Amino acid sequence: VQLVESGGGLVQPGGSLRLSCVVSRTIFSSRDMAWYRQVPGSQRELVASISGGGSTNYAASVKGRFFISRDNAKNTVYLQMNSLKPGDTAVYYCAALTWGAPRYWGQGTQVTVSS
């Protein structure tokens, strides 16, 4: 089982980043996927999720700015992040869900929004 995130980095406020998560074929097919984020001293929070059929949900704090998508042919889930704010600074984790709860995690990728 493997989830590998990429695409994090340093970006100025108002900028954009796209995170990618390549997932082992054995666990990706039809599975609900999600992005979480965590800052030091805080619990990991759900950012966005996407069902196997493509239905999406977003945290209120990112709705209208972040967009989750998946490419089933590439076993990859994406998080397009626009209009980034300093408050979006966190480690972002990809997760494969089972019954709505995270079952497998990626290693995380750091996103820093700063001028």
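Up top you'll find the structure we're talking about.
This write-up is about the structure you can find in this document. (Residues numbered from 1 in each chain as written. Predicted model: local features only at pLDDT ≥ 70, side-chain atom pairs only at ≥ 80, totals over all residues. Heavy atoms only, no water.)

**Structural notes on the overall build of the chain**
Rule in force here: Under the scheme used here, helices are H or I runs from DSSP no shorter than 4 residues and strands are E runs no shorter than 2 residues, and both carry numbers assigned from the N terminus. Classification of residues uses two cut-offs on accessible area relative to the type maximum, computed with a 1.4 Å probe and protein chains only: under 20% is buried, over 50% is exposed, and between them is partly exposed. The contact criterion used is simple: two residues touch if any of their non-hydrogen atoms lie within 4.5 Å. For the area figures, the Shrake-Rupley method with a 1.4 Å probe applies, and any residue is considered shielded solely by the protein chains shown. Positive: Lys, Arg. Negative: Asp, Glu. His and the chain ends are not part of the count. To locate a charge, take NZ of a lysine, CZ of an arginine, CG of an aspartate or CD of a glutamate.
Helices and strands together make up the secondary structure of the chain, namely one helix and 11 strands. Put simply, the chain runs from its N terminus to its C terminus through helices and strands in the order β-β-β-α-β-β-β-β-β-β-β-β. Dimensions of the chain along its principal axes, counting C-alpha atoms only, are 40 × 25 × 25 Å. Going through the 115 residues of the chain one by one, you find that 43% of them count as buried. If you take every contact in the chain between residues at least 6 apart in sequence, the share linking residues at least 24 apart comes to 54%. Carbon and sulfur atoms make up 49% of the accessible area of the chain, which totals about 6,000 Å². Charged side chains in the chain number 11 positive and 5 negative. The centres of these two groups are separated by 2 Å.

**Some remarks on the packing of aromatic side chains**
Rules: To pair, rings of Phe, Tyr and Trp, with the six-membered ring standing in for Trp, must have centres within 6.5 Å; the planes then decide the type, stacked if under 30 degrees apart, edge-to-face if over 60, and tilted in the middle. Criterion for a charge above a ring: Lys NZ or Arg CZ within 6 Å of the ring centre, and within 35 degrees of the ring normal.
What the rule picks out here adds up to three aromatic pairs. When the ring of Tyr58 is compared with that of Phe67, the centres are 6.4 Å apart and the planes differ by 70 degrees; the resulting orientation is edge-to-face. Look at Phe67 and you get partly exposed, because its relative accessible area is 40%. With a centroid separation of 6.2 Å and an interplanar angle of 85 degrees, the aromatic rings of Tyr93 and Trp105 are classed as edge-to-face. In this pair, Tyr93 sits in strand S9 (residues 90-98) while Trp105 sits in strand S10 (residues 101-105), placing the two residues 12 residues apart along the sequence. In this structure Tyr93 comes out as buried when scored by relative accessible area, which is 13%. Under the relative-accessibility criterion, Trp105 is labelled partly exposed at 34%. Among the aromatic side chains, those forming a connected cluster through ring pairs are Tyr36, Tyr93 and Trp105. Over the face of the ring belonging to Phe28 we find Arg70, whose NZ or CZ atom lies 4.5 Å from the ring centre.

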